[in-house]
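# Report on the structure
Chain residues, written in single-letter form:
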Amino acid sequence: MEQRHNKGLVSVPLGLMPMRRVAVIGGGLVGFSTAVCISKSLPRCSVTVIADKFTPNTTGDVAAGMLIPHRYPDTPIEQQKRWFQETFSYLLTICNSAEAADAGIHLLSGWQIHQTAPEEKFPFWADIVLGFRIMSMAELEKFPEHQFGQAFTTLKCDSQRYLRWLESRLRENGGQIEDRKITDVWELHGHYDVIVNCSGLGARALVGDSKLHPVRGQVLKVQAPWVTHFIRVSDGSTYIYPGMSSVTLGGTRQKDDWRLSTDATASQNILNRCCALEPSLKKAYAITEHVGLRPTRSAIRVEKEVLLRGSYQLPVIHNYGHGGGGFSVHWGTAREATHLVEELIASLRGSSAKAKL
Ligand SMILES: Cc1cc2nc3c(=O)[nH]c(=O)nc-3n(C[C@H](O)[C@H](O)[C@H](O)COP(=O)(O)OP(=O)(O)OC[C@H]3O[C@@H](n4cnc5c(N)ncnc54)[C@H](O)[C@@H]3O)c2cc1C
Ligand SMILES: O=C([O-])CC(=O)C(=O)O
C-alpha cells in the first residue's frame, strides 16, 4: 500500500504503527461498502460495523440497484461524476470477473424515455455508461406517449446478493460486526479512534441533521422472465428493471412520509403505469410489495467533523444522505470517506509523535 505522509510528520515504520480502531455506524449499503474500502485500503485499522438493521431489512434491500445517477443539487457536478465513474469502474471489474454471480452484478440494456426532448440530451454520465445513444424512431414506436429517448447499457446490482457479498468481504478482511443501536455517538468515545457515520436516515436523530428527510418509495418485485430490457420514465416516476431474481416495478416518491407499511392503491397504480409501457407485464406473477425510505439531502455529506465535549474530542467522518442514488455512487463516496479516515489517522500519528518529542 502507498503510504501518504503529511509534511512535518515523523515517519514511523509500518510495523511499529499502532492498530487504529475504526467504528462504522450503519449496516446498509453505505456502511458496508465504506467498511470494506477502509479494511482493504488501510491494513493498520481494525474495522467494526455497528448497526441495528442488516440485510434483508435495510433501505438497499428494497432498491432495484440500478446505476443511473440521481442529481444532488448542492454537490458539485464534477464530484458527482467522479463518484459515479469510480463506482461504475469498480462494479464493471467485478462484473467481468468470476465473482459476478456471487456479488449479484450484471449488465443491463434499455431505454430512458422522455415525453418531450429535454434541453440536455447528453447527461453528465453519458460517457460513463456503455454505448449511450439517442433512441431511433423505430425504437420509440414502442412508446407512443414519448417523443424522445436515450438507449444505453448500465450495471445493476441484485441488492440482497450484493449486500451479503460486501458483508463476506468485510469478514474476509478481518472486520467485525455488532448488532446494536447507538443512541449517542459519545458511547463510542474511548473504545474507537475514529467513528464513521453511515447511518443513513438515522443521522437525523444521531447527529441532529435536520437537512435530512425521508422520501418514501414503494416498489413491486414480480416474476416476468421474458422482460429483459429496462424502461425508465425520465422523471423517475415509473420504471421497469429486470434483475437476476425478479423484475422491480416502480415507483413512488413521497417526501417526508415515514410510513413503512405498503399501500394497495399505490401498488395497483404502479402496475397500471408499468403495464402501459410494457403490456406483457399483465401476465407477471408472484407479485410482492416493498417500501423503503430514501435518506435524502440536497448534498451527500462526506466530511470530517471533530465533536467536542468538555476537554474531550471525538473525530467523526460522515458519509450519508445518498437519497435515491446510493447504488450509483456508493463506492466513490466510500473511497472519499476512506481518504478522510487515512488523513485523520495520519494527524493522530503526528500529534502522538510530537507529544513524544
Ligand atoms: C424504492 C427505492 C428504490 C431505489 N432504487 C435505487 C436504484 O435503482 N439505484 C440507486 O442507485 N439507488 C436506489 N435507491 C437508493 C438506495 O437504496 C439508497 O441510497 C441506499 O440504500 C442508502 O443506503 P444507506 O446505507 O445510506 O442507508 P440504509 O440502508 O438505510 O442503512 C442505514 C444503516 O444505519 C443503521 N443505523 C441508523 N441509525 C443507527 C443507530 N442510531 N444505531 C445503529 N445503527 C443505526 C441502520 O440500522 C442501517 O443499518 C433506492 C431506494 C429506494 C427506497
Ligand atoms: O429512479 C430510479 O430509477 C430508481 C431509483 O433510484 C429510486 O426509485 O430511487
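The protein chain is annotated in an unreviewed UniProt entry as D-aspartate oxidase of Microcaecilia unicolor. Per its UniProt entry, the protein chain bears the Subcellular location (unreviewed entry) comment "Peroxisome matrix". For the protein chain, the Cofactor (unreviewed entry) comment in UniProt is given as "FAD".

### Focus on the UniProt feature "domain: FAD dependent oxidoreductase" (unreviewed entry) in the protein chain
Using the residue numbers shown here, the UniProt feature "domain: FAD dependent oxidoreductase" (unreviewed entry) corresponds to residues 21–340. Its end C-alpha atoms 15 Å apart, residues 21–340 is made of 28% helix and 33% strand.

### Side note on the site of ligand 2
Near ligand 2 the following residues occur: His-70, Arg-232, Tyr-239, Tyr-241, Arg-253, Arg-294 and Gly-324. A distance of 2.4 Å separates an oxygen atom of ligand 2 from a polar atom in the side chain of Tyr-241. Arg-253 is positioned with one of its side-chain polar atoms (N or O) 2.6 Å from an oxygen atom of ligand 2. With the chains in place, 86% of the 260 Å² that ligand 2 exposes on its own is no longer accessible. For the shell around ligand 2, the per-class residue count stands at two nonpolar, two polar and three charged.

### Side note on the packing of helix H1 (residues 29–41) against helix H6 (residues 159–172)
At a closest axis distance of 9 Å, the pairing of H1 and H6 adopts a crossing angle of 30 degrees. Classified by the angle between their axes, H1 and H6 sit roughly parallel to one another. At the point where H1 passes H6, the crossing takes the left-handed sense. Here Leu-29, Phe-32, Ser-33, Ala-35, Val-36 and Ser-39 of H1 lie close against H6, whose contacting residues are Tyr-162, Leu-163, Leu-166, Glu-167, Arg-169 and Leu-170. Of the residues contributing to the contact of H1 with H6, the split by class is eight nonpolar, two polar and two charged.

### Observations regarding the site of ligand 1
Of all residues adjacent to ligand 1, which total 37 residues, the nearest are Asp-52, Lys-53, Thr-59, Ile-182 and Gly-323. One of the backbone N or O atoms of Gly-28 is found 3.5 Å from an oxygen atom in ligand 1. Between ligand 1 and Met-66 there is a distance of 2.8 Å, counted from a nitrogen atom to a backbone nitrogen or oxygen. Of all the elements in the fold, those that place two or more residues in the shell around ligand 1 are H1, helix H2 (59–62), strand S8 (213–223), strand S13 (285–309) and helix H9 (326–356). Here the shell around ligand 1 is composed, by residue class, of 14 nonpolar, 18 polar and five charged.

### Quick word on the packing of aromatic side chains
For the coordinates displayed, the defined rule picks out twelve aromatic pairs. Ring geometry for Phe-132 and Phe-152: centres 5.8 Å apart, planes at 15 degrees, overall stacked. Remark: Phe-152 occurs in strand S5 (residues 148–157) and Phe-132 occurs in strand S4 (residues 130–134); sequence separation between them is 20 residues. Of the two residues, Phe-132 and Phe-152, both sit in the buried class. Put simply, the rings of Phe-122, Trp-125, Phe-132, Phe-152, Phe-230, Tyr-239 and Tyr-241 pair up and form one aromatic cluster. Here the guanidinium or amino end of Lys-121 rests over the ring plane of Phe-148, the centre of that ring lying 5.8 Å away.

### Quick word on the side chain of Glu-139
Along the chain, the position of Glu-139 falls in helix H5 (residues 137–140). Here Glu-139 is in contact with Trp-111, Arg-133 and Ala-151, once residues within four sequence places are set aside.

### Thoughts on unusual backbone geometry
Cis peptide bonds are those with omega within 30 degrees of zero, and the linkage from Thr-55 to Pro-56 qualifies with 10 degrees. Residue position: Pro-56 is located in the loop between strand S2 (45–51) and H2. With an omega dihedral of 0 degrees, the bond running from Gly-250 to Gly-251 counts as a cis peptide bond. Tracing the chain through its elements places Gly-251 in the loop between strand S11 (247–250) and strand S12 (254–255). One non-glycine residue, Asp-256, lies in positive phi territory at about 60 degrees.

### Observations concerning the pairing of strand S7 (residues 194–197)
Covered by surrounding structure in S7 are Val-194 and Val-196 together with Ile-195 and Asn-197, the residues of both alternating faces. Summarising the sheet, S7 and strand S14 (residues 312–322) pair through three bridges and their orientation is parallel. Bridge assignment links Ile-195 to a residue of S14, and that residue is Val-316.

### Some points on the layout of surface pockets
Here the second largest pocket is characterised by a volume of approximately 500 Å³. Forming the walls of the second largest pocket are 27 residues, and the residues nearest its centre are Pro-69, His-70, Arg-71, Arg-232 and Ser-234. Breaking the lining of the second largest pocket down by element, the ones donating at least two residues are strand S3 (105–114) and S13. Residue contributions to the lining of the second largest pocket peak at four residues, all from S13. Partitioned by chemical class, the residues of the lining of the second largest pocket number eight nonpolar, twelve polar and seven charged.

### Considerations on the pairing of S3
Burial within S3 is extensive, with eight of its ten residues counted as buried. Alignment of S3 against S5, held across ten bridges, turns out to be antiparallel. Bridge pairing in S5 links Ile-105 to Cys-157. As paired strands, S3 and strand S9 (residues 230–233) are joined by four bridges and run parallel to one another. Within S9, the position partnered with Gln-112 by the bridge is Arg-232.

What counts as what
Residues numbered from 1 in each chain as written. Chains lettered and ligands numbered in written order. Predicted model: local features only at pLDDT ≥ 70, side-chain atom pairs only at ≥ 80, totals over all residues. Heavy atoms only, no water. UniProt positions renumbered as here; feature names shortened; annotations may be inferred. Helix = DSSP H or I, 4+ residues; strand = E, 2+ residues; numbered from the N terminus. Near = heavy atom within 4 Å. Polar contact = N/O pair within 3.5 Å; in protein donor to acceptor, adjacent residues only side chain to side chain. Areas by Shrake-Rupley, 256 points an atom, 1.4 Å probe, with all protein chains shown as cover. Nonpolar A, V, L, I, M, F, W, Y, C, P; charged D, E, K, R; others polar. Axes fitted to C-alpha atoms, helices over the stretch in contact; angles between N-to-C directions. Parallel < 35°, antiparallel > 145°, perpendicular 65-115°, else oblique. Left-handed = near helix turned anticlockwise from the far one by under 90°. Contact = heavy atoms within 4.5 Å. Phe/Tyr/Trp six-rings, centres within 6.5 Å; stacked < 30°, edge-to-face > 60°. Buried < 20%, exposed > 50% of the residue type's maximum accessible area, 1.4 Å probe, protein only. Lys NZ or Arg CZ within 6 Å of the ring centre and 35° of its normal. Pairing = 2+ DSSP bridges. 1 Å grid on protein atoms, 1.4 Å probe; cavity = no way out; pocket = protein on both sides within 12 Å on 5 of 7 lines; lining within 4 Å. Points joined across faces, edges and corners; volume = space filled by probe spheres on them.

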